[in-house]
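The chain contents come next:
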Amino acid sequence: MIRLSKSVVGKAEAEAVAHVIEDIGYLGMGATVGEFEHQLEQYIGGGRRAICVNSGTAALHLAVQAVTKPGDEVLVPSFTFVATYQAISAAGCKPVSCDIRPDTLTLDLEDAERRITPRTTAMMPVYYASNCCMVKDYQAFAAKHGLRLIEDAAHSFGCTYQGQKIGSMGDVVCFSFDGIKNITTGEGGAIFTADEEVIQKVSDARLLGVQKDSEKRYAGQRSWNFDVVEQGYRYHMSNIFAAIGQVQLSRFEEEFAPRRRYIAQRYCELLKDTPYVKLTSMDYEHDIVPHIFALQILGGKRPQLEQILKEHDIQYGIQYAPNHHLTFFHEDVELPVTDEVYSRIISLPMHPELSEDDIQLICKLINSL
Ligand SMILES: Cc1ncc(COP(=O)(O)O)c(C=O)c1O
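Remember, predicted model here, so these are calculated numbers, not experimental data.

Enquirer: Even after reading the chapter, I still don't get the sheet that holds strand β11 (residues 293-297), so can you show me in this structure?
Expert: One key point about sheets: their strands pair by backbone hydrogen bonds, in either a parallel or an antiparallel sense. The three strands are arranged β10-β11-β12 in an open sheet whose pairing can be described as antiparallel. At either end of the open sheet lies a strand with only one pairing partner, and these are β10 (277-278) and β12 (345-348). Summarising the sheet, β11 and β12 pair through four bridges and their orientation is antiparallel. Counterpart to Phe293 in the pairing with β12 is Leu348.

Enquirer: What is the right way to read helix α1 (residues 11-24) from this model?
Expert: Side chains of residues three or four places apart in an α-helix project in the same direction, reflecting 3.6 residues per turn. With 14 residues, α1 extends 18 Å from end C-alpha to end C-alpha; this agrees with the ideal 20 Å at 1.5 Å per step. The inward-facing, buried residues of α1 abut α2 (31-44) and α9 (239-271). Following α1 by one or two positions, Gly25 has its phi on the positive side, about 75°.

Enquirer: Looking at this structure, how should I read the pairing of β11?
Expert: Note on strand geometry: in a regular strand, side chains alternate between the two faces of the sheet. The buried fraction of β11 is high, at five of five residues. As defined by bridge partners, β10 adjoins β11 across two bridges and the pair is classed as antiparallel. Across the sheet, the residue bridging to Lys278 is Gln296, located in β11.

Enquirer: Help me understand α2 in this model?
Expert: The terminal C-alpha atoms of α2, which comprises 14 residues, lie 20 Å apart, in line with the 20 Å expected from a rise of 1.5 Å per residue. All of the buried residues along α2 are Thr32, Val33, Gly34, Phe36, Glu37, Leu40, Glu41, Tyr43 and Ile44.

Enquirer: Teacher, can you tell me more about empty space enclosed by the protein here?
Expert: Any space left empty among the atoms is revealed by the rolling of a water-sized probe across them. Under the defined criterion, the tally for this structure stands at three cavities of 30 Å³ or more. Approximately 70 Å³ is the volume found for the largest cavity. Contributing to the lining of the largest cavity are 13 residues, with Val8, Lys181, Asn182, Gln248 and Arg260 lying nearest its centre. Here the lining of the largest cavity is built from residues that sort into five nonpolar, five polar and three charged. Counting only domains with at least three residues in the lining of the largest cavity, you end up with domain 1 (11-247) and domain 2 (252-367). Its boundaries defined by the atoms lining it, the second largest cavity holds a volume of some 50 Å³. Around the second largest cavity, the lining residues are Ala129, Leu279, Thr280, Met282, Tyr284, Ile292, Phe293 and Ala294. Residue composition of the lining of the second largest cavity, grouped by class: seven nonpolar, one polar and no charged.

Parameters at a glance
Residues numbered from 1 in each chain as written. Predicted model: local features only at pLDDT ≥ 70, side-chain atom pairs only at ≥ 80, totals over all residues. Heavy atoms only, no water. Pairing = 2+ DSSP bridges. Helix = DSSP H or I, 4+ residues; strand = E, 2+ residues; numbered from the N terminus. Expected span 1.5 Å × (residues − 1). Contact = heavy atoms within 4.5 Å. Buried < 20%, exposed > 50% of the residue type's maximum accessible area, 1.4 Å probe, protein only. 1 Å grid on protein atoms, 1.4 Å probe; cavity = no way out; pocket = protein on both sides within 12 Å on 5 of 7 lines; lining within 4 Å. Points joined across faces, edges and corners; volume = space filled by probe spheres on them. Nonpolar A, V, L, I, M, F, W, Y, C, P; charged D, E, K, R; others polar. Domains from an automatic or database assignment.

Remember that the coordinates give geometry; whether it matters functionally is a separate question.
And the structure:
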């Protein structure tokens, strides 16, 4: 079987976990989380602080809660994983479904602009398939309309824009470290920001709202006499997750990123002349470290491809079911690009252990349609 995605973890991660269990002896949030956050801050740069939590969804939820109030509206592309929407509604806000651009498959700012109301206070663009080429456009749009900007960068860990890391230049930027992301901590996520108020709010809210508990946890202590002023959650990261993350971060630039970039470039080379394949143009050489590789199959041929991939035991993805069609988030809006892209999109296997033979077989099958 050729897998769609996969955790690439081994002996080094196992040893790091064993070190937490056997030597440190404390599995909850302690010094290892503090060290991992520090390493992430060094890696991402831009003077941003990193606040680690136990999922990307938790990161987004805390970010929304920190910069909005219940009842606010948040502009978001419908074409995203449901986690993006759940994070907005969990904070008591309304996700306002927007269309995507056909060339980038990310938030269409002209469409978003039409959906602004007096209750719109934030926007949450999503870097679908790691495509972060519009980061500056989002910043300009947010500034123009006085909105807070929360980047859902779950797919974009390690990506850059004009030489600067995603996460280093944003208002509030959220990553996911779930089992199959560009780096994994098993499950996990992080919020990057330079906003002192947001740093304090999300640091407290991840520890049940207990004020200023993070520093104590890093020192192996905790608060006994404390106050709570806001809704909090049990969203903090554990030392075990952070130990895995430290090893993954150390492997990322030399091992994972080049392999992911290479696989995307090979797919593009082998599929660029296929008339019924529409690729999204991205700079895999410099900027983009792809988390998924999604392409559009034109001419109604996607079901045929799905059948062939199933016959060859090759996993694929249909990412993602537009949120405005889901019962819980249903909105009666016309999002023509989203609907069209959803009918054509398919994700091909993408993980650092995919072999050249796998890539060639997959492309041969696509080209034989
Ligand atoms: C676009 C997007 N946003 C948010 C998330 C949520 O991340 P997590 O799975 O770590 O909660 C994901 C995860 O798959 C995602 O793909």
